[in-house]
Amino acid sequence: MMISKYTHPAIKQPFLVLLLGTQFCFAQTKGIPDTIKSAFEGTWQSKEKHYTNTVKIYFEPKKDYALFTDIGTGVAPTKTFKVQLKGNLLVLPAVRNQNDCIEMEIIKGRLYLRSKTARWDEKGNIISSNKDHREQRVFKRVKK
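Residues numbered from 1 in each chain as written. Predicted model: local features only at pLDDT ≥ 70, side-chain atom pairs only at ≥ 80, totals over all residues. Heavy atoms only, no water.

> Even after reading the chapter, I still don't get the overall build of the protein, so can you show me in this structure?
A tally of regular secondary structure across the protein gives 2 helices and 10 strands. Every one of the 144 residues in the protein was classed for burial, and the buried ones make up 25%. Contacts in the protein between residues far apart in sequence, at least 24 positions, make up 35% of those at least 6 positions apart. Of the accessible surface of the protein, which amounts to about 10,700 Å², a share of 55% is contributed by carbon and sulfur atoms. (Helix = DSSP H or I, 4+ residues; strand = E, 2+ residues; numbered from the N terminus. Buried < 20%, exposed > 50% of the residue type's maximum accessible area, 1.4 Å probe, protein only. Contact = heavy atoms within 4.5 Å. Areas by Shrake-Rupley, 256 points an atom, 1.4 Å probe, with all protein chains shown as cover.)

> Sorry if this is basic, but what is going on with the side chain of Thr 43 here?
Mapped onto the secondary structure, Thr 43 falls in strand 1 (residues 42-47). The contacts of Thr 43, once residues within four sequence positions are left out, are Thr 54, Val 55, Lys 56, Lys 140, Arg 141, Val 142 and Lys 143.

> How do you make sense of the layout of surface pockets when you look at a structure like this?
It is a probe the size of a water molecule, rolled over the atoms, that shows where empty space is left. Its boundaries defined by the atoms lining it, the largest pocket holds a volume of some 460 Å³. Lining the largest pocket are 22 residues, with Asn 53, Asp 70, Gly 72, Ile 102 and Arg 137 sitting closest to its centre. Mapped by element, the contributors of at least two residues to the lining of the largest pocket are strand 2 (52-59), strand 3 (65-72), strand 4 (79-86), strand 7 (110-116) and strand 10 (134-143). Residue classes in the lining of the largest pocket are distributed as 9 nonpolar, 8 polar and 5 charged. (1 Å grid on protein atoms, 1.4 Å probe; cavity = no way out; pocket = protein on both sides within 12 Å on 5 of 7 lines; lining within 4 Å. Points joined across faces, edges and corners; volume = space filled by probe spheres on them. Nonpolar A, V, L, I, M, F, W, Y, C, P; charged D, E, K, R; others polar.)

> How should the pattern of salt bridges be read in this particular structure?
Pairing of side chains with opposite charge becomes possible as their charged atoms draw close. As enumerated under the stated definition, the model contains 2 salt bridges in all. Across the pair Glu 103 and Arg 114 runs a salt bridge whose closest N-O atoms are separated by 3.4 Å. Taken together, the positions of Glu 103 in strand 6 (residues 101-107) and Arg 114 in strand 7 put the pair 11 residues apart, joining distant regions of the chain. For Arg 114, a relative accessible area of 15% puts it in the buried group. Glu 105 is paired through a salt bridge with Arg 114; the nearest N and O atoms lie 2.8 Å apart. Overall, the relative accessible area of 24% leaves Glu 105 in the partly exposed class. Several salt bridges share partner residues, and in doing so they unite Glu 103, Glu 105 and Arg 114 into one network. (Salt bridge = Lys/Arg side-chain N within 4 Å of Asp/Glu carboxyl O.)

> Even after reading the chapter, I still don't get the nonpolar core, so can you show me in this structure?
Where a protein is soluble and globular, its nonpolar side chains tend to be buried together. Residues Phe 40, Ile 57, Phe 59, Phe 68, Leu 90, Met 104 and Leu 111 are the most contacted members of the largest nonpolar core, which totals 18 residues. The dominant element in this core, judged by the number of residues it contributes, is strand 2, at 3 residues. Leave out the neighbours within four places in its chain, and Phe 40 touches Ile 57, Phe 59, Asn 88, Leu 90, Met 104, Glu 105, Ile 106, Leu 111 and Arg 141. (Core = buried A, V, L, I, M, F, W, Y, C linked by side-chain atoms within 4.5 Å.)

> Any chance you could explain the sheet that holds strand 4 here in plain terms?
Strand pairing in a sheet takes place through backbone hydrogen bonds and is either antiparallel or parallel in direction. Taken in spatial order, the 8 strands close into a barrel running 1-2-3-4-5-6-7-10, and their pairing is antiparallel. Here the strands of the sheet are splayed against their neighbours by 30 degrees on average, with no regard to which way each runs. As judged from the 6 bridges shared by strand 3 and strand 4, these two strands associate in the antiparallel manner. Looking at strand 4, one finds that Phe 68 is bridged to Phe 81. (Pairing = 2+ DSSP bridges. Axes fitted to C-alpha atoms, helices over the stretch in contact; angles between N-to-C directions.)

> Would you mind showing me how to read the environment of Lys 56 here?
Summarising the element assignment, Lys 56 is placed in strand 2. Taking the C-alpha atoms as reference, Lys 56 lies 9.2 Å from Lys 143; in sequence the two are 87 residues apart. Leaving out residues up to four positions away in the same chain, Lys 56 has contacts with Gly 42, Thr 43, Leu 67, Phe 68, Thr 69 and Ile 71.

By themselves, these observations are geometric and do not establish any function.
Following this line, the structure appears as structure tokens:
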């Protein structure tokens, strides 16, 4: 945009501040860092004695979440969830009648998926105790 040289100086200054301010706001839009994306994104599998469990992680461009698809063993329908980045973990909070609390971490190129069973009281509040059972499953990346 061109500002005319005949425009009054009092009009130029607020216009420039507004123009620069909007560019600054767009520059501050954050997504998830590329290092996190490259570490987590892909198809992961955990092979057990009688089955293979599969999950996929995909990052939406310019979004602050990832899509986590639990394919499982292929017997039940897949489920896709939005997971949030908290530090170096991807976290899915527990939702009543949908999923338990899940956190995922990359350690030495492997995906450590930890789930914690969610218990609810009659009012719909989550109940937690120090004795809650956690399961951990380790996945290897099979496709980037």
